[in-house]
Amino acid sequence: MKTIWIDALTPKQALLSIKIMEAAWKIGYKSIITTREYDYTTKIYKLYNLNPIIVGKHGGEKLEGKLMASLNRSIKLAETIMGLEHKPSYHISLTSPEAVRVAFGLSIPIILLNDTPHSKYVNKLTIPLADILITPRAIPKEEYRNLIDEEKIIQYNGVDELAWIRDFKPNERVLNEIGLNANDKIIIAREAEYKASYYDQNGKPVKMLIEKIIREFGEEVKVIYLPRYDDESIPNGAIVPREAVDARSIMKYATLTITGGGTMARESALIGTPSISLFPKQIHVNKWLEERGLPIKSIRDINEAYEYASKVIRDPDRYKVKTDEIIRGMEDPTQVIMKILRGDMDG
């Protein structure tokens, strides 16, 4: 049986790796998944009763820590992959620097996915080594012009998150387990990935916005806050689940999603729940979804975000969107990957 090796570094990448694994199995591929100790990533696999190979950990906020963690993980990953009975047929990741370096060194063909052209340092370390780069059509190919030949770029008509949202069935029991019900005005929130190499802003915008909302609306809203880091300060009055939870089910029953990044905002919008992304840079795929009628707003100003959030909280039904028809014609990257694995990209 042919094998693909997937490396996942974040919760989003973990979810996508599971969907790639499931699709690849159907066409005769075995999957090896590696990950690292970081954030909710390993907890995602536990929710699916999966046991990836855990190699290394996140390097933290400082450059020295990132460098040493990456170098150490590269060595351990190389040892892991060289210890396999058979060399993988392909490596697949969302631009994992360590995995790409190992795959290149072992002459394993590299398929990369990317929807973050703003992540310039990681992209420089990975995309030039790719055999194929898969990106949403929303992102101009010019964003990658200095990193890879355009003929190696394959684009699709959708977003990554659709892979695990399209057939998702929400579970109301998730709310009950954290003491809520579907009639509550729920806000699910997560801070920006402020320790990431590409994040160059000061402050914690989500924390500021959430505390402003709680001061104004009090017990009228229930805020579920998902910390991104173990040492993160939590907004006053927010509820933090003790265990990893299925955030998608919470989003389905929520009034609003607020995030400092993009993934949760897109997940929420695809489900039909209004979302605010406070990410300080342009995100092409967010704009693409908003233009197609999905309830996602990219807002950089805290006061402007508060005004929009207030309107949604006061009249939730007005801002919810039925998304089935909108997303029906969209694609997700697993469809492109399966064509590559089957060898029928031209067919």
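Cut-offs used in this document
- Residues numbered from 1 in each chain as written.
- Predicted model: local features only at pLDDT ≥ 70, side-chain atom pairs only at ≥ 80, totals over all residues.
- Heavy atoms only, no water.
- Helix = DSSP H or I, 4+ residues; strand = E, 2+ residues; numbered from the N terminus.
- Rg over C-alpha atoms; globule rule 2.2 N^0.38 Å.
- Buried < 20%, exposed > 50% of the residue type's maximum accessible area, 1.4 Å probe, protein only.
- Contact = heavy atoms within 4.5 Å.
- Areas by Shrake-Rupley, 256 points an atom, 1.4 Å probe, with all protein chains shown as cover.
- Lys, Arg positive; Asp, Glu negative; His and termini not counted.
- Charge placed at Lys NZ, Arg CZ, Asp CG, Glu CD.
- Expected span 1.5 Å × (residues − 1).
- Arc of directions from axis to C-beta.
- Patch = residues over 30% accessible without salt bridge, like charges linked within 9 Å, V, L, I, M, F, W, Y side chains within 5 Å.
- Salt bridge = Lys/Arg side-chain N within 4 Å of Asp/Glu carboxyl O.
- Core = buried A, V, L, I, M, F, W, Y, C linked by side-chain atoms within 4.5 Å.
- Pairing = 2+ DSSP bridges.
- Right-handed = clockwise from strand over helix to strand, strands pointing away.
- Phe/Tyr/Trp six-rings, centres within 6.5 Å; stacked < 30°, edge-to-face > 60°.
- Lys NZ or Arg CZ within 6 Å of the ring centre and 35° of its normal.
- Axes fitted to C-alpha atoms, helices over the stretch in contact; angles between N-to-C directions.

S.K.: It is not clear to me how the overall build of the protein should be interpreted in this structure. Could you clarify?
M.R.: Across its full length, the protein holds 15 helices and twelve strands. Taking 2.2 N^0.38 as the reference for a compact globule, 347 residues should give roughly 20 Å; the C-alpha atoms of the protein span a radius of gyration of 20 Å, in line with that estimate. In terms of overall dimensions, the protein has a C-alpha envelope of 55 × 45 × 40 Å along the principal axes. In the protein, buried positions account for 57% of the 347 residues. Partitioning the contacts of the protein with sequence separation of at least 6, the portion at a separation of at least 24 is 61%. Here the protein displays about 16,400 Å² of accessible surface, and carbon together with sulfur accounts for 46% of that area. Positive and negative side-chain charges of the protein, numbering 50 and 48 respectively, have mean locations separated by a distance of 1 Å.

S.K.: Help me out: how do you make sense of helix α3 (residues 63–82) in this one?
M.R.: Because an α-helix completes one turn every 3.6 residues, residues spaced three or four positions apart along the sequence face the same direction. Relative to the 28 Å expected for 20 residues at 1.5 Å per residue, α3 spans 28 Å between its end C-alpha atoms, a close match to the ideal helical length. Buried within α3 are the following residues: Ala69, Arg73, Ser74, Leu77, Ala78 and Ile81. The buried residues of α3 occupy one face: seen down the axis, they fall within an arc of 165 degrees. Facing away from the buried side of α3, by more than 90 degrees, are the exposed residues Glu64, Ile75, Glu79 and Met82. In this fold, the buried residues of α3 make contact with β1 (2–8), β2 (29–37), β3 (53–57) and α4 (97–105).

S.K.: Hey, could you run me through a nonpolar patch on the surface in this one?
M.R.: A cluster of nonpolar residues, Leu67, Met68 and Leu71, forms a patch on the protein surface that exposes about 290 Å² of accessible area. With a relative accessible area of 45%, Leu71 lands in the partly exposed category.

S.K.: Would you take a moment to explain the nonpolar core for this structure?
M.R.: Nonpolar side chains in soluble globular proteins tend to end up buried together. If you look at the biggest cluster of nonpolar residues, it comprises 82 residues, and the most contacted ones within it are Trp5, Ile134 and Ile250. Of the residues forming this core, the biggest block, seven residues, is contributed by helix α1 (residues 11–26). For Trp5, the contacting residues outside a window of four places in its chain are Ile32, Thr34, Leu77, Ile81, Pro88, Tyr90, His91, Ile92, Ala99, Val102, Ala103 and Ile108.

S.K.: Where do I start with the side chain of Ser31 in this structure?
M.R.: Relative to the helices and strands, Ser31 is located in strand β2. Ignoring anything within four residues of it in the chain, the contact list for Ser31 reads Ile4, Ile6, Met21 and Ala24.

S.K.: Where do I start with the pairing of strand β4 (residues 90–93) in this structure?
M.R.: For a regular strand, side chains alternate in direction, first toward one face of the sheet and then toward the other. Relative to β4, β1 is paired through four bridges, and the arrangement is parallel. Bridge pairing in β4 places Asp7 opposite Ser93. Two strands pair when backbone bridges link them, and β4 and strand β5 (residues 110–113) are joined in this way by three bridges, in the parallel orientation. Pairing of Ser93 across the sheet is with Leu112, part of β5. Tracing the backbone out of β4, into α4 and back to the parallel element β5 gives a crossover that is right-handed.

S.K.: What is the right way to read the packing of aromatic side chains from this model?
M.R.: Within a pair of aromatic rings, the relevant descriptors are the distance that separates the centres and the angle that separates the planes. Going through the model one piece at a time under the given rule, you end up with one aromatic pair. Arranged with centres 5.8 Å apart and planes meeting at 85 degrees, the rings of Tyr308 and Tyr319 form a pair that is edge-to-face. Here Tyr319 lies in helix α13 (residues 316–319) and Tyr308 lies in helix α12 (residues 302–314), a separation of eleven residues in the sequence. The same class applies to Tyr308 as to Tyr319, namely buried. Its guanidinium or amino end placed over the ring of Tyr306, Lys212 lies 4.8 Å from that ring's centre, counting from NZ or CZ.

S.K.: Honestly, the sheet that holds strand β11 (residues 275–277) in this entry has me stumped. Any pointers?
M.R.: Strand pairing in a sheet is mediated by backbone hydrogen bonds. Such pairs are either parallel or antiparallel. Strand order in this open sheet of five strands is β9-β8-β10-β11-β12, and the pairing throughout is parallel. The open sheet is flanked by β9 (221–225) and β12 (296–298), the only strands paired with a single partner. Neighbour-to-neighbour, the strand axes of the sheet open up by a mean angle of 20 degrees, direction not taken into account. Of the strand pairs in this sheet, β11 and β12 are connected by three bridges, and their pairing is parallel. The residue of β12 that forms the bridge with Ser277 is Ser298.

S.K.: In this structure, what is going on with the pattern of salt bridges? I would like to understand it.
M.R.: Once their charged atoms are close, side chains differing in charge can pair, the charge on each being opposite to the other. Following the criterion strictly, the structure yields 17 salt bridges and no others. We note a salt bridge from Lys12 to Glu161, for which the minimum N-O separation is 3.3 Å. One end of the pair, Lys12, is in helix α1; the other, Glu161, is in the loop between β7 (153–156) and α6 (162–165), and 149 residues separate them in sequence. Accessibility classification places Lys12 together with Glu161 in one group, the buried group. For Arg73, the salt bridge is made with Glu98, and the minimal N-O distance between the two is 3.2 Å. In this pair, Arg73 is assigned in helix α3 and Glu98 in helix α4, connecting sequence segments 25 residues apart. According to the relative accessible area criterion, Glu98 is buried, its value standing at 8%. In the salt-bridge network here, residues are joined through shared partners; they are Lys12, Asp115, Asp160, Glu161 and Arg266.

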